[in-house]
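If you want the building blocks of each chain, they are given just below.
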Amino acid sequence: MDFTIVASLNALFGVLFLLTTFMMLTLRQTQAVLHAYVAQALLLTASTVLLAIGRRSPELALVAVITLVAKPLLVPWLITRLLAPALRAKREVQAVLNVPTSLSIALGISVTAYFLTRPLLPAADAVAQVNVPIGLDVLLLGVMMLAIRREAVPQLMSLMVIDNGAFFAGIAITTSSALVEFAAALEGVMVVMIVALLTRAIARFVGSTEVSALASLRERRAP
Amino acid sequence: MTILWLLPLLPLAVACTAALGAKGAWMRFATLAASLGSLVLSIYTAAIVARAGKLELISGWFGLNALAAVFLLLTAALAVTAALFSLGYVRELTEHDTAAEHRYYLNFNLFVASLLLVPLMLEVALAWVAVELTTLLSIFLVGFDNTSEALEAAWKYAVLTIMGATVAALGFFLLLWGLAQADPTGTTGQTFDAVVAALSGHGAGAAQARLRADPGRLRHQDRSGAGAYVAAGRTFAGTHAGVRAALRHRSESDPLRRHAAAARVHAHSRLPGC
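Residues numbered from 1 in each chain as written. Chains lettered and ligands numbered in written order. Predicted model: local features only at pLDDT ≥ 70, side-chain atom pairs only at ≥ 80, totals over all residues. Heavy atoms only, no water.

(A) Highlighting the overall build of chain A. Each helix and strand counted, chain A has 8 helices and 0 strands in total. The helix and strand sequence of chain A, counted from the amino end, reads α-α-α-α-α-α-α-α. Rg of the C-alpha trace for chain A: 18 Å, near the compact-globule value of 17 Å for 223 residues, within the 12% margin. In terms of overall dimensions, chain A has C-alpha extents of about 60 × 35 × 35 Å along its principal axes. Here the analysis covers contacts within chain A between residues at least 6 apart in sequence; of these, 78% occur between residues at least 24 apart. For chain A, the computed accessible surface area is about 9600 Å², with 67% contributed by carbon and sulfur atoms. Across chain A, the centroid of the 16 positively charged side chains sits 11 Å from that of the 11 negatively charged ones. (Helix = DSSP H or I, 4+ residues; strand = E, 2+ residues; numbered from the N terminus. Rg over C-alpha atoms; globule rule 2.2 N^0.38 Å. Contact = heavy atoms within 4.5 Å. Areas by Shrake-Rupley, 256 points an atom, 1.4 Å probe, with all protein chains shown as cover. Lys, Arg positive; Asp, Glu negative; His and termini not counted. Charge placed at Lys NZ, Arg CZ, Asp CG, Glu CD.)

Printed below as a string of structure tokens:
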């Protein structure tokens with residue numbers, strides 16, 4: 001396939017990838033956020049497949065397979081399996097900010113991310129010119145989601161969005177081996193398992209997964 | 001040098017015995033013995049590296065160089081100190097609770113194994129993955145006594161360090177990208193930005209680790225050797241990866257390599273779509 005077509009298709013997937021993040025910001029149902037995450041992870045896989053075709057890299061194709069198995073399949077399965085009570089018990093996701101305010105701030109973050117990455121773009125190829133700003137944007141939006149969500153499960157998914165953002169930018173600019181990607185994917189799965197186990201422990205000992213209510217370790221001023 | 005495998009395997013074996021339900025006295029003795037064993041092996045391998053310059057078990061992937069040997073020695077020495085201080089601390093904290101003692105020694109030894117693994121990774125990206133592994137394995141060490149205060153600390157630590165490690169990973173990707181393009185394209189500034197991003201992300205994690213070791217801020221960790229070890233060990237691991245990347249940058253700045261990099265960039269710019 002011609003590299004220009006690959007770059008154009010990748011730009012389309014990049015835009016959809018960014019839109020799923022905005023969608024996750026507006027959604028107030030835990031299950032819906034999980035479905036949006038799956039869509040985002042599939043778009044990430046699609047972008048990796050395109051890169052593998054465009055650069056004729058079997059190693060990138062292997063990375064795409066690893067991504068497909070780890071992100072849109074294994075991670076949601078683990079979340080559903082380990083956190084089923086938390087997913088069912090409280091369907092409404094509470095957030096510190098309302099939807100219009102969240103979207104306005106998100107828009108500002110997107111513009112900032114573009115201007116932050118602009119000095120890097122002249123050295124980049126057509127794919128990296130799309131992936132780097134969008135990857136940084138999604139990473140920053142994930143940080144924002146993490147800050148405004150009150151519940152443990154949406155915060156865990158925000159961590160996964162941050163990871164997706166870093167990965168989306170990373171696949172376009174690095175030439176690391178499939179073994180490294182495999183180790184990184186395995187670590188992503190470990191993150192989900194460890195945070196899910198921690199969420200279960202919090203639910204058992206504290207009686208709720210509302211982590212924003214955990215505020216006993218605040219820093220106190222010296223007398 | 002197959003002896004290199006033993007460095008992370010010693011604490012890993014103790015972690016396995018803790019997971020299988022070994023007796024408390026055995027775990028205390030085995031943890032201290034494994035830490036001491038790792039220190040002795042570190043000194044031995046460092047002495048070999050001092051003579052030979054480098055040890056490679058799997059070429060380009062797993063081995064020990066001079067810089068890594070320094071960090072390995074520091075990490076192993078710290079592990080012995082933390083294991084020694086853990087004896088009194090854990091006995092006092094987990095009185096009549098053998099399950100808690102098992103949990104502590106399991107998590108402690110897994111964390112030590114992950115820290116010893118970092119300097120042994122010759123591939124920089126894989127060393128970074130190992131650094132992130134230390135982040136994950138230290139989470140349970142923070143919240144091991146399962147009180148609401150400890151779980152709160154563990155949650156906050158997990159969220160901030162995982163986020164910090166991911167931001168640092170993007171910085172690391174940008175750094176590798178800058179290195180691949182090297183100086184001919186004038187991307188030194190780009191490399192510098194990436195180093196700043198990587199260190200900022202790592203800084204978030206290290207600062208949180210230090211918070212755990214600060215007695216004024218987190219009461220349940222105040223006498224723990226593990227708290228200080230989490231802070232110091234993660235700082236060593238992150239610094240080691242950063243210094244390795246910087247050294248690689250220096251070698252990339254060599255005139256011959258720069259010429260090769262310029263040729264790569266020129267060839268790349270001729271690809272369709274560039």
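There is more to say after this.
(B) Fine view of the overall build of chain B. Helices and strands together make up the secondary structure of chain B, namely 9 helices and 2 strands. Counted from the first residue to the last, chain B has its helices and strands arranged as α-α-β-β-α-α-α-α-α-α-α. Of all 274 residues assigned to chain B, the portion counted as buried reaches 54%. For chain B, the proportion of contacts with a sequence separation of at least 24, taken over those separated by at least 6, is 75%. (Buried < 20%, exposed > 50% of the residue type's maximum accessible area, 1.4 Å probe, protein only.)

(C) Structural view of the pairing of strand β1 (residues 54–58) of chain B. Residues and elements named next belong to chain B. Sheet analysis places β1 next to strand β2 (residues 62–65), joined by 4 bridges and oriented antiparallel. Looking at the pairing, I58 lines up with F62 of β2. Count of turn residues in the β1/β2 antiparallel hairpin: 3 residues, of which G60 carries a positive phi of about 80°. (Pairing = 2+ DSSP bridges.)

(D) Spotlight on empty space enclosed by the protein. Enumeration according to the criterion identifies 4 cavities of 30 Å³ or more in this entry. Its volume calculated, the largest cavity comes out at about 520 Å³. Lining the largest cavity are 32 residues, with D163, A184 and E187 of chain A together with E132 and A169 of chain B positioned closest to its centre. Where the lining of the largest cavity is concerned, the elements lending two or more residues are α3 (58–82), α7 (152–173) and α8 (178–206) of chain A together with α5 (124–142) and α6 (148–181) of chain B. The dominant element in the lining of the largest cavity, judged by the number of residues it contributes, is α8 of chain A, at 8 residues. (1 Å grid on protein atoms, 1.4 Å probe; cavity = no way out; pocket = protein on both sides within 12 Å on 5 of 7 lines; lining within 4 Å. Points joined across faces, edges and corners; volume = space filled by probe spheres on them.)

(E) Spotlight on the side chain of N109 of chain B. Tracing the sequence through the fold places N109 of chain B in helix α4 (residues 98–117). Sequence-distant contacts of N109 of chain B, that is, excluding residues within four places in its chain, are made with P11, V14, A15 and T31 of chain B.

(F) The arrangement of the side chain of S35 of chain B in detail. Residues and elements named next belong to chain B. Relative to the helices and strands, S35 resides in helix α2 (residues 24–52). Given the relative accessible area of 3%, S35 is considered buried. Within the local environment of S35, its side chain forms a polar contact with the backbone oxygen of T31, the two atoms lying 2.8 Å apart. In this view, S35 contacts A76, A79, V80 and A83; residues no more than four positions away in its chain are not counted. (Polar contact = N/O pair within 3.5 Å; in protein donor to acceptor, adjacent residues only side chain to side chain.)

(G) Examining the packing of helix α1 (residues 3–26) of chain A against helix α6 (residues 126–148) of chain A more closely. All names here are of chain A. At their nearest, the axes of α1 and α6 sit 10 Å apart, and the two run at 10° to each other. Taken together, α1 and α6 sit at an angle that is classed as roughly parallel. Of α6, the residues touching α1 (which contributes F3, A7, N10, A11, G14, V15, F17, L18, T21, F22, M24 and L25) are A126, V127, V130, N131, I134, D137, V138, L141, M144, M145 and I148. Here the contact of α1 with α6 is composed, by residue class, of 18 nonpolar, 4 polar and 1 charged. (Axes fitted to C-alpha atoms, helices over the stretch in contact; angles between N-to-C directions. Parallel < 35°, antiparallel > 145°, perpendicular 65-115°, else oblique. Nonpolar A, V, L, I, M, F, W, Y, C, P; charged D, E, K, R; others polar.)

(H) Fine view of a nonpolar patch on the surface. All names here are of chain A. On the surface, M1, I5, L9, L12, V15, L16, L19, V49 and I53 cluster together into a nonpolar patch covering about 730 Å² of accessible area. The set of elements that each furnish at least two residues to the nonpolar patch consists of α1 and α2 (30–54). Here the element with the most residues in the nonpolar patch is α1; it accounts for 6 residues. Along the chain, the position of L9 falls in helix α1. With relative accessibility at 30%, the residue L9 sits in the partly exposed group. (Patch = residues over 30% accessible without salt bridge, like charges linked within 9 Å, V, L, I, M, F, W, Y side chains within 5 Å. Salt bridge = Lys/Arg side-chain N within 4 Å of Asp/Glu carboxyl O.)

(I) Fine view of α6 of chain A. Taking 1.5 Å per residue, 23 residues should reach 33 Å; α6 of chain A reaches 34 Å between its end C-alpha atoms and fits that length. With 18 of its 23 residues buried, α6 of chain A lies for the most part within the structure. (Expected span 1.5 Å × (residues − 1).)

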